[in-house]
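Secondary and tertiary structure notes
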Amino acid sequence: MEKLLEILNKSKLSKEDITYLLSENDVEKRAIIQKASASIISIIPKDYHSLEQRIDISNYCNADCLFCKSRNSNNKINRFRLNREEIIKKAIELHKNGCNSILLHSGYDNYYNTDRIAYIIYSIKQIAKIKIILSFGLRELEEYKEWKIAGADSYYLNIISKNNNLYNETNSWNSFENRVEHIAELKKLGYNVGSGSIIGLPNQTCSDLAEDIYFVKKLNLNYVDFCHFNSVRSVHDDIDSEEFIRRGIEVSQIVNADTNVRLNDLIN
Ligand code: SF4
């Protein structure tokens, strides 16, 4: 118990501390970790994400990420694509209903090129005072620039996993290093930047996840959202995936005591 309390009292946790918090199986100690995480959430001031709504603008995607329903090779789903006017109308309606930030999301859909997305952002901003968060995966640096000029406020880009083997197994585009470079560029452009990794990947261990949590903290982001991966039941150091995901969020919240850590399903 002494070791646990000592870790929880630290202002900066090491990778080893994080691994310890993730892998501790004692029921009493888990309850203390859970309580420590909940007490942080209760004192974090609400930010503009508190009234956020998401608009999925398309589920067409050229990528083929592991187990994502929208992956290109999945011919068992119905595909949809909202047109520009539908997206703008939806954003305005959400704003009228009290929403103060919208997340525009899609996979890699060629139809939504730089100009079309810039047009949507600009049009929404002309009508509604609303924050616009983008989640379109890895795009060209010029595109991020155009969209910032058009009025976008924030960008979410998942790092997937710091472990190269796990990253490659997800079949995600490009590399972990490339994503980190893009996050740096997005910051330079003045975006509010959010990121996190995927929790619950097959074969992911407590130590792998601790590396991610530690790294994400070091990125010094505006917000932290991890993505859950529970489409496949798996065990991680003998912890089942549901419990592993729960622990990941709890511990990440303890590491990021100044921001509300959330769980999403934005793999890209
Ligand atoms: S996770 Fe995103 S980029 Fe990957 S297949 Fe799904 S929608 Fe496409």
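Everything discussed here concerns the structure shown above.
Residues numbered from 1 in each chain as written. Predicted model: local features only at pLDDT ≥ 70, side-chain atom pairs only at ≥ 80, totals over all residues.

With that settled, consider the overall build of the protein chain. What the protein chain contains, in helices and strands, is 10 helices and 10 strands. By the compact-globule yardstick of 18 Å for 268 residues, the protein chain fits well, its C-alpha radius of gyration being 19 Å. Each of the three principal axes of the protein chain carries a C-alpha extent, and together these read 60 × 40 × 30 Å. Each of the 268 residues in the protein chain was classed as buried or not, and the buried ones make up 38%. (Helix = DSSP H or I, 4+ residues; strand = E, 2+ residues; numbered from the N terminus. Rg over C-alpha atoms; globule rule 2.2 N^0.38 Å. Buried ≥ 20, exposed ≤ 12 C-beta atoms within 10 Å, placed from the backbone.)

Let us now look at the packing of helix H9 (residues 206–218) against helix H10 (residues 241–255). Look at H9 against H10: their axes get within 10 Å of each other, and the N-to-C directions meet at 35 degrees. For H9 against H10, the interelement crossing comes out right-handed. Of H10, the residues touching H9 (which contributes Leu209, Ile213 and Lys217) are Gly248, Val251, Ser252 and Val255. For the contact of H9 with H10, the class distribution of residues is four nonpolar, two polar and one charged. (Axes fitted to C-alpha atoms, helices over the stretch in contact; angles between N-to-C directions. Left-handed = near helix turned anticlockwise from the far one by under 90°. Contact = placed C-beta atoms within 7 Å. Nonpolar A, V, L, I, M, F, W, Y, C, P; charged D, E, K, R; others polar.)

Attention shifts here to the pairing of strand S1 (residues 52–58). Judged from the six bridges that link them, S1 and strand S2 (residues 101–106) form a sheet pairing that is parallel. Along S2, the bridge assignment pairs Glu52 with Ser101. Taking the sense of rotation as the criterion, the β-α-β connection linking S1, helix H4 (residues 84–96) and S2 turns out right-handed. (Pairing = 2+ DSSP bridges. Right-handed = clockwise from strand over helix to strand, strands pointing away.)

What follows deals with the environment of Ile44. Its place among the elements puts Ile44 in the loop between helix H3 (27–43) and S1. Owing to 14 C-beta atoms within 10 Å, Ile44 belongs among the partly exposed residues under this scheme. C-alpha separation for the pair Ile44 and Asn220, spaced 176 residues apart in sequence, amounts to 17 Å. Every residue in contact with Ile44, bar those within four places of it in the chain, is listed here: Thr259 and Asn260.

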